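Per-entry structural report
What follows is each chain in one-letter form.
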Amino acid sequence: VVLDSDLMDLKTPSLLLDAPRLQKNLQFMGQKLAAADIDLQPHMKTAKSVPIARMATEGHSGAITVSTVKEAEEFAKAGFSKITYAVGLAPHKLGRIAALLQRFPNLTLCLLVDNPGAIAAAAEAGQIFNRTFPLFLEIDSGAQRGGLRSDDPKLLGLAQQIARTQHVSLAGVLTHAGQSYAARNRQELLQIADQERLSAFGAAGLIRGLGLSCPAVSIGSTPTLWAAESFTGATEARPGVYMFMDVFQAQLGCCQIEDIALSVLATVIGRYEKPARLLIDAGALALSQDRSTALQARHPGRLDYGLGMVCDLHGQPFPDLLVAQAHQEHGFIVSRTPETTALPAWPIGYRVRIFPIHACMTAAAYQDYIMIENGAVTGTLPRFNGW
Ligand SMILES: Cc1ncc(COP(=O)(O)O)c(C=O)c1O
């Protein structure tokens, strides 16, 4: 069979990316946002791959979002000319950012700030390098990570500081409702999506009320954008994990298991009793240590998949199995109900695919994606890591 022979020839662990599933995921989000007239600015933190950024932006404005200066550099080199660096600015990075702008004069690189020091640092660097840095103000719409609440009086102070300072300009407001990951059902997701949008839109309204320009209202996490029924007030959206999806997103209800495009190919290297376990050659480095479905499993109808969902080479899950723990290069497959369900009689050398709990974390271990279609290998796509 083509399928088995192709996947039997690859080294393990390898990172597989199912091309039709990727396309379907890109299309779903792309069409939803286009229908709402929202500019899709895919967050490339998940894929970190130039060809995938090209696929994700096809038919859209071409703007993207990144989480590291390295990503900004790599995508600028590849010709992307509108990039938002959506992690709070550390002033020492401004030298590197200015060098990048020097090299690519047509690049618009928006930065993210939420404090007077970062604004002052950007203005100072702007003066030294003779540039104006467009800045997004970060809004905390409930995630309690970075940013200011939209009703925080300090927010308007920051907008005014930007307005009266040379070499910086206000690009808009930006928020990411990371609390969407803890939602228990679609209703809660919908509420969080509204909260995300209304926080950002509200903040923009207050800033505009001062007579200041606040062009962009940037929102988005995959779960909120998936659930959202209204986009009123938003202008752009930054989903990231939607491209690949993962077990966490499937349990959140944002996709089906059959939509998960990313998997790790692994080989069975041992079989043991007491406790009953199969060892695979994909451990913590190959799968990541993200155990976030353990938290989901507190809610009815959701299961803990440990460090990954075990599937056959066709991507068909074994619901009774999970990767329960891992050492650096060893993963432990166990039965969910060892008293009643024995482990499959797989021989040493047997190959499995593991669907990731959190695609962004798992992909980060690899240099490339091995593209598959109907189980056959069709090529590889490069990715990069680092900062
Ligand atoms: C600022 C920001 N925007 C957008 C995203 C994309 O969210 P998701 O991965 O849920 O698509 C993230 C993810 O962490 C983020 O930090």
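Read on for an overview of the structure.

1. With respect to the sheet that holds strand 6 (residues 133-139)
Here we have eight strands laid out as an open sheet, ordered 2-9-8-7-6-5-4-3, and parallel in their pairing. Pairing within the sheet leaves two strands with one partner each, and these edge strands are strand 2 (39-40) and strand 3 (64-66). Across seven bridges, the pairing between strand 6 and strand 7 (residues 168-175) is parallel. Following the sheet pairing, Glu138 is matched in strand 7 by Leu174.

2. Comments concerning the pairing of strand 4 (residues 82-88)
Across three bridges, the pairing between strand 3 and strand 4 is parallel. Its bridge partner lying in strand 4, Thr65 is registered against Thr84. Handedness of the β-α-β unit built from strand 3, helix 4 (residues 69-77) and strand 4 comes out right-handed. With four bridges connecting them, strand 4 and strand 5 (residues 108-113) associate as parallel partners. Its bridge partner being in strand 5, Ile83 is matched across the sheet by Leu109. Once the chain exits strand 4 it traverses helix 5 (residues 94-103) before rejoining the sheet at strand 5, and the crossover so formed is right-handed.

3. Remarks on the site of the ligand
Lining the immediate environment of the ligand, one finds 14 residues, of which Arg145, Tyr181, Thr222, Arg238 and Gly240 sit closest. Taking Arg145, its side chain carries an N or O atom lying 2.9 Å from an oxygen atom of the ligand. A distance of 3.0 Å separates a nitrogen atom of the ligand from a polar side-chain atom of Arg238. Relative to its free-state accessible area of 390 Å², the ligand is covered by the protein chains to the extent of 94%. Residues belonging to the shell around the ligand are distributed by class as follows: five nonpolar, six polar and three charged.

What counts and what doesn't
- Residues numbered from 1 in each chain as written.
- Predicted model: local features only at pLDDT ≥ 70, side-chain atom pairs only at ≥ 80, totals over all residues.
- Heavy atoms only, no water.
- Pairing = 2+ DSSP bridges.
- Helix = DSSP H or I, 4+ residues; strand = E, 2+ residues; numbered from the N terminus.
- Right-handed = clockwise from strand over helix to strand, strands pointing away.
- Near = heavy atom within 4 Å.
- Polar contact = N/O pair within 3.5 Å; in protein donor to acceptor, adjacent residues only side chain to side chain.
- Areas by Shrake-Rupley, 256 points an atom, 1.4 Å probe, with all protein chains shown as cover.
- Nonpolar A, V, L, I, M, F, W, Y, C, P; charged D, E, K, R; others polar.

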